[in-house]
Amino acid sequence: SATLLAQSILSGVFVGALYGLLGLGLSLSWGLLRLINLAHFAFAFLAAYLCYQMAQMGVDPLLSLGLIVPLFFAIGAGLHWGMMKFQITPFNSLLITFGLTGIVEALIQTIWTADYRKLESSYGEHNFKIAGLYVPLPELITLGLAVSLSFAVWAVLRYTDLGKALRASAEDAAVAAAFGINQKRNALLLAGTCSALASIAGVCLALGFTLAPSQIYAWIGVVFAAVMLGGLGRALAPLI
């Protein structure tokens, strides 16, 4: 029926929003920093488990972002600092972050075991019915965050001095440095932001999906495809 088809399309839009949110940080890291950060997915799942744990302690999942986002910003900036210090090439960054993904997966299994975990929150109990279509609140939150963050990052890259500096450094690092752009500071800021975006995607993942450590790898293929098809370093491309 037309209603069933429309509901299926709506479900596709919701899961696509999560793909876009997961791909946003990866696209920026790969396109502007020239680092293929597979640990991006591990960070998202680690954030999802931290959100789950904090919810068990009575903390609202969205309020947990106040702690999770700064934490992962620091982790992402620290990881990039180490890569810059040892002058890691794009190919080696792929190998290192793949190994880091395995470490994070083992850490999650050690703390939360390999059993499936489901975040129970008040958000999951709310469903809206619009024109005969069911709209779950967690998916609606994910869609809102994905669209707003993608457009916010796009606006920063396009209209601010920081965004122009990041794009200039990605195009020609030597010329950008000659014009006085502090590439190290900007790179650390962008790397931290990419990890923070991964943590937000992780909280959205916890709101709407059952969690298991092995599922980290299930998301890599489709999000990579979204990033590659959209083009590297483009904020709106993964979402579209």
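Here's a quick rundown of the structure.

Conventions used here
Residues numbered from 1 in each chain as written. Predicted model: local features only at pLDDT ≥ 70, side-chain atom pairs only at ≥ 80, totals over all residues. Heavy atoms only, no water. Helix = DSSP H or I, 4+ residues; strand = E, 2+ residues; numbered from the N terminus. Rg over C-alpha atoms; globule rule 2.2 N^0.38 Å. Buried < 20%, exposed > 50% of the residue type's maximum accessible area, 1.4 Å probe, protein only. Contact = heavy atoms within 4.5 Å. Areas by Shrake-Rupley, 256 points an atom, 1.4 Å probe, with all protein chains shown as cover. Expected span 1.5 Å × (residues − 1). Pairing = 2+ DSSP bridges. Phe/Tyr/Trp six-rings, centres within 6.5 Å; stacked < 30°, edge-to-face > 60°. Patch = residues over 30% accessible without salt bridge, like charges linked within 9 Å, V, L, I, M, F, W, Y side chains within 5 Å. Salt bridge = Lys/Arg side-chain N within 4 Å of Asp/Glu carboxyl O. Axes fitted to C-alpha atoms, helices over the stretch in contact; angles between N-to-C directions. Parallel < 35°, antiparallel > 145°, perpendicular 65-115°, else oblique. Left-handed = near helix turned anticlockwise from the far one by under 90°. Nonpolar A, V, L, I, M, F, W, Y, C, P; charged D, E, K, R; others polar.

Details of the overall build of the chain
- The helix and strand tally for the chain stands at 9 helices and 2 strands.
- In summary, the chain has a C-alpha radius of gyration of 18 Å against a globular reference of 18 Å for 240 residues, a match within 12%.
- Across its three principal directions, the C-alpha atoms of the chain cover 60 × 40 × 30 Å.
- Burial status across the chain gives 46% buried among its 240 residues.
- A separation threshold of at least 6 residues defines the contact pool for the chain, and within that pool the share at least 24 residues apart is 79%.
- Looking at the chain as shown, the accessible area adds up to about 11,600 Å², and 67% of this sits on carbon and sulfur atoms.

Describing helix α8 (residues 183-208)
- Between the first and last C-alpha of α8 there are 38 Å, a value that for 26 residues agrees with the 38 Å anticipated at 1.5 Å per step.
- Counting buried residues in α8 gives 19 out of 26 residues, a clear majority hidden from the surface.

Some details on the pairing of strand β2 (residues 133-136)
- Side-chain alternation along β2 places Leu133 and Val135 on a buried face and Tyr134 and Pro136 on a face that remains uncovered.
- Note: strand β1 (residues 127-130) against β2, 4 bridges, orientation antiparallel. When the sheet's bridge partners are listed, Phe128 is paired in β2 with Val135.

Description of helix α5 (residues 137-159)
- Counted at 1.5 Å a residue, the expected span for α5 with its 23 residues is 33 Å, and the 32 Å between its end C-alpha atoms agrees.
- Where α5 is concerned, the buried positions are Leu137, Pro138, Ile141, Thr142, Ala146, Ser150, Val153 and Leu157.

Focus on the side chain of Thr97
- Relative to the elements of secondary structure, Thr97 occurs in helix α4 (residues 90-112).
- Beyond its immediate sequence surroundings of up to four residues, Thr97 is in contact with Ile36, Asn37, Leu38, Ala39 and Met83.

So, the packing of aromatic side chains
- Applying the stated criterion to the full structure yields 9 aromatic pairs.
- Judged by centre distance (6.2 Å) and plane angle (25°), the ring pair of Phe41 and Phe224 falls under stacked. With Phe41 in helix α2 (residues 39-56) and Phe224 in helix α9 (residues 220-230), this pair connects stretches of sequence that are 183 residues apart. Across the pair, exposure class does not vary: Phe41 and Phe224 are buried alike.
- Through a chain of ring-to-ring contacts, the aromatic side chains of Tyr19, Phe209 and Trp219 assemble into a single cluster.

What about a nonpolar patch on the surface?
- There is a patch of nonpolar side chains on the surface, built from Val147, Phe151, Trp154 and Tyr159 and spanning about 400 Å² of accessible area.
- For Tyr159, the location among the structural elements is in helix α5.

So, the packing of helix α1 (residues 2-32) against α5
- Where α1 meets α5, the axes come as close as 8 Å, and the angle between the chain directions of the two elements is 30°. One element, α1, and the other, α5, form an angle in the roughly parallel class. By crossing handedness, the relation of α1 to α5 is classed as left-handed. In this structure, α1 contributes Val13, Phe14, Ala17, Leu18, Leu21, Leu24, Leu28 and Leu32 to the contact, and α5 contributes Glu139, Leu140, Thr142, Leu143, Ala146, Leu149, Ser150, Val153 and Leu157.
- Looking at the contact of α1 with α5 residue by residue, the class counts come to 14 nonpolar, 2 polar and 1 charged.

With respect to unusual backbone geometry
- The phi dihedral of Arg34 falls on the positive side, at around 60°, and the residue is not glycine.
- When you line up the elements, Arg34 lands in the loop between α1 and α2.
- Classification of Arg34 as partly exposed rests on a relative accessible area of 41%.
- With a phi close to 65°, Thr113 is a non-glycine residue in the positive phi region.
- Looking at the secondary structure, you find Thr113 in the loop between α4 and β1.
- On the accessibility criterion, Thr113 (32% relative accessible area) is partly exposed.

Some details on the packing of helix α3 (residues 65-85) against α8
- In the contact formed by α3 and α8, the axes pass within 7 Å of each other and the chain directions differ by 135°. In this view, α3 runs oblique relative to α8, as classed from their interaxial angle. Relative to α8, the crossing made by α3 is right-handed. The residues of α8 that touch α3, namely those facing Leu65, Ile68, Val69, Phe72, Phe73, Gly76, Ala77, His80, Trp81 and Met84, are Lys184, Ala187, Leu188, Leu189, Ala191, Gly192, Thr193, Ser195, Ala196, Ser199, Ile200 and Val203.

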